[in-house]
Structures are given as structure tokens and as C-alpha cells.
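Results of the structural survey
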Amino acid sequence: MFPAHSSIVIKHISNTPLLFEWHRHDCYELILTLGAVGKKYIAGAVLEFKEVDLTLICPHVPHTWDSSKYSDTAQDVIVILWPKTLFANRFPEFDSINNWLSIINESHTFFVEKNHPMINALFLLAAAKHPLDKLAKLITLLQDLQNLPSTESGYKNGHQLDPRLTQALSYISENIENVPNLTKTAKQANVSNATLKRLFKTYLGSSFSAQVNLLRLEKSQHLLATTRLSIDRVASLSGFKSACYFNKVFKAHMSVTPTTYRFNNLWRK
């Protein structure tokens, strides 16, 4: 993906329909979209984007954007990609950027308007020709992004997750259809039940069971939005024993039924 002479890949597209394939990268991605509205699907989250959207996506996190109407085109789309190790263990001057990136678990969406200086900075970066100029502009841009108000998808912990907790969460996600219990999950993470409970409380502010339910709901949201599987099948794949119970839990947490949620958020493939 990355050319031999540069650590940064930049794509600037104008007046194009906004419908990306569901994909992921082994790198960071910063994407600016101007002039379109719709839904963005980031891992298990389904989020709205407006006419100005600036989102940073972490490595290995699957994502796509889809405008609300078939005829919608984005005025401008700027995509910037860089390796996850670009700012790691190089120079102490990069510590603040590297530390900031390391605490983002899935994505950050930044609150900016069309006339915000950050938008102009992105266009200048996209127009840069020399690799060193691109790198210098990216460093300045990432330094400035840290000070912008934003909202985060994924685990809002404010610091890096303990590796044991990360392993436990991965195990739960990979086996969500059968809903692994606390003991099995603790064994996979090589910790005691009591330690795993403490990790969930310390880093996520919730219990093991509450987090499992959240992951089940996220899985169901993703399936409802990106597939046309039956509600029964979505319930089963998300670890719910029956469609009736799934409907009850889903409506209690989302304030709408699974069917209504799908109608409002179905990804146009």
C-alpha cells in the first residue's frame, strides 16, 4: 500500500458517490468527507455523519461510509493513511502523538465546521508533493487534532486497556454466539475470576455480564444494519436464546425494535 519513498498515502476524491466497501487496514486512517450525509459503520457501531465529517480510524477496525440517498455525492473526500508504527519508538518528539493514538480504541470523530482551520490544513496536506512536506504537515495536523473536541467509538476508557482485558474482550467477541461465561473467559485471559471482574470495573466501569450484553447488542446492531438475515438468525448469532427475548432486550436498550432499527440503518450494498 505504501510507496517506497513515503510513509503516507493520501487520496483526494471529488464529486463521487459516497459508498465504500466494508474494509479494514493495518494502519491508521483519517478521513474527511464534505457535502454528504448518511451513516458510517465502524466495527459494531452505526453512526450518523453530516455534511462535514472528520474521523480517525484505528488499525484493523472494519468500516464503511454510506450516503443517505443513491444520488448523493460527496463534494470532497480526503483519506490519509499511515503505518501504525510511524510514530512509535522513533524520536521523543513523537511521544505525545504516539501516546494519544495508543489510547484510541476504535475511532475518534472530531467536531469541526467547514470553515475550521483544520479543513484547510487537510487540503494543504492532500496537495503536498514532497514526502518530507507530507510528513511535516501530518505531524502538525495530528498535534492539533489532540486539542479538538471529539467523540469516541469503542471503549471509552481514557487510557490503554490492560492486555489481559483486551484478550478477554477478543475472546468474548469471537465466541459471542455461545456467550462465554466468566470462568472460561478468565481462563483464556490467564487471570482469576476476581481479577477479571476488577479489570472490567477499573477499565470499563461495568460488570462482566453488562459488558457481554453490550457486545451482544453491538453484534446484533451490525448484523441488522449490514445484512438481511432474519431477526431469528440475528438473535442467534448475537448470543440470544430466542428472538422474543432479543426483541425485548434490544428495545429496552435502543428504544426501537430490531425491525425498526434495520429500517433506519440498513447499509445500502
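Everything numeric here is computed off the predicted structure, so don't read it as measured data.

What counts, and at which threshold
Residues numbered from 1 in each chain as written. Predicted model: local features only at pLDDT ≥ 70, side-chain atom pairs only at ≥ 80, totals over all residues. Heavy atoms only, no water. Helix = DSSP H or I, 4+ residues; strand = E, 2+ residues; numbered from the N terminus. Rg over C-alpha atoms; globule rule 2.2 N^0.38 Å. Contact = heavy atoms within 4.5 Å. Areas by Shrake-Rupley, 256 points an atom, 1.4 Å probe, with all protein chains shown as cover. Lys, Arg positive; Asp, Glu negative; His and termini not counted. Charge placed at Lys NZ, Arg CZ, Asp CG, Glu CD. Buried < 20%, exposed > 50% of the residue type's maximum accessible area, 1.4 Å probe, protein only. Core = buried A, V, L, I, M, F, W, Y, C linked by side-chain atoms within 4.5 Å. Pairing = 2+ DSSP bridges. Axes fitted to C-alpha atoms, helices over the stretch in contact; angles between N-to-C directions. Phe/Tyr/Trp six-rings, centres within 6.5 Å; stacked < 30°, edge-to-face > 60°. Lys NZ or Arg CZ within 6 Å of the ring centre and 35° of its normal. Parallel < 35°, antiparallel > 145°, perpendicular 65-115°, else oblique. Nonpolar A, V, L, I, M, F, W, Y, C, P; charged D, E, K, R; others polar.

Looking at the overall build of the protein
- Assigned secondary structure in the protein consists of ten helices and nine strands.
- Here the C-alpha atoms of the protein give a radius of gyration of 20 Å, agreeing with the 18 Å that 2.2 N^0.38 yields for 269 residues.
- By principal-axis analysis of the C-alpha atoms, the protein measures approximately 55 × 45 × 30 Å.
- For the protein, contacts bridging at least 24 residues in sequence account for 72% of all contacts bridging at least 6.
- For the protein, the exposed surface amounts to about 13,900 Å²; the carbon and sulfur share of it is 52%.
- Charge centroids of the protein, computed over 29 positive and 21 negative side chains, lie 9 Å from each other.

Notes on the environment of Ala128
- For Ala128, the location among the structural elements is in the loop between α2 (117-127) and α3 (131-145).
- Classification of Ala128 by relative accessible area gives buried; the value is 8%.
- Residues Ala128 and Ile10, 118 residues apart in the sequence, show an inter-C-alpha distance of 9.5 Å.
- Setting aside chain neighbours within four positions, we find Ala128 in contact with Asp133, Lys134 and Lys137.

Considering the nonpolar core
- Grouped together as the largest cluster of nonpolar side chains are 45 residues, with contacts concentrated most on Leu30, Ile80, Trp82 and Leu145.
- Secondary-structure elements contributing two or more residues to this core are β1 (9-17), β2 (27-34), β5 (52-57), β7 (73-83), α1 (95-102), α2 and α3.
- Top element by residues in this core is β7. It accounts for seven residues.
- Core analysis: the next-biggest nonpolar cluster, separate from the first, contains 18 residues, Ala168, Leu169, Ala186 and Val212 among them.

Some words on the sheet that holds strand β3 (residues 38-42)
- Judged by pairing direction, the sheet is antiparallel, and its three strands sit side by side in the order β4-β3-β6 without closing on themselves. The open sheet has two edge strands with one neighbour each: β4 (45-49) and β6 (63-67). Each strand axis lies, on average, 20° off the axis of its neighbour in the sheet, ignoring direction.
- Two strands pair when backbone bridges link them, and β3 and β4 are joined in this way by five bridges, in the antiparallel orientation. Looking at the pairing, Gly38 lines up with Phe49 of β4.

Description of the packing of aromatic side chains
- Enumeration over the complete set of coordinates arrives at nine aromatic pairs.
- Aromatic side chains Phe240 and Tyr245 sit 6.1 Å apart centroid to centroid with 55° between the ring planes, which places their arrangement in the tilted category.
- According to the relative accessible area criterion, Phe240 is buried, its value standing at 5%.
- The class of Tyr245 is partly exposed, set by a relative accessible area of 42%.
- Within the aromatic cluster, the residues linked to one another by ring pairs are Phe240, Tyr245, Phe246, Phe250 and Tyr261.
- For Arg216, the ring lying beneath its charged end belongs to Phe240, and the centroid distance is 4.2 Å.

Examining the packing of helix α4 (residues 163-174) against helix α6 (residues 193-204)
- Where α4 meets α6, the closest approach of the two axes is 10 Å, and the angle between their N-to-C directions is 100°. Taken together, the axes of α4 and α6 are roughly perpendicular relative to one another. Contacts between α4 and α6 involve Arg164, Leu165, Ala168, Leu169 and Ile172 from the first element and Thr195, Leu196, Arg198, Leu199, Phe200, Tyr203 and Leu204 from the second.
- Broken down by class, the residue content of the contact of α4 with α6 amounts to nine nonpolar, one polar and two charged.

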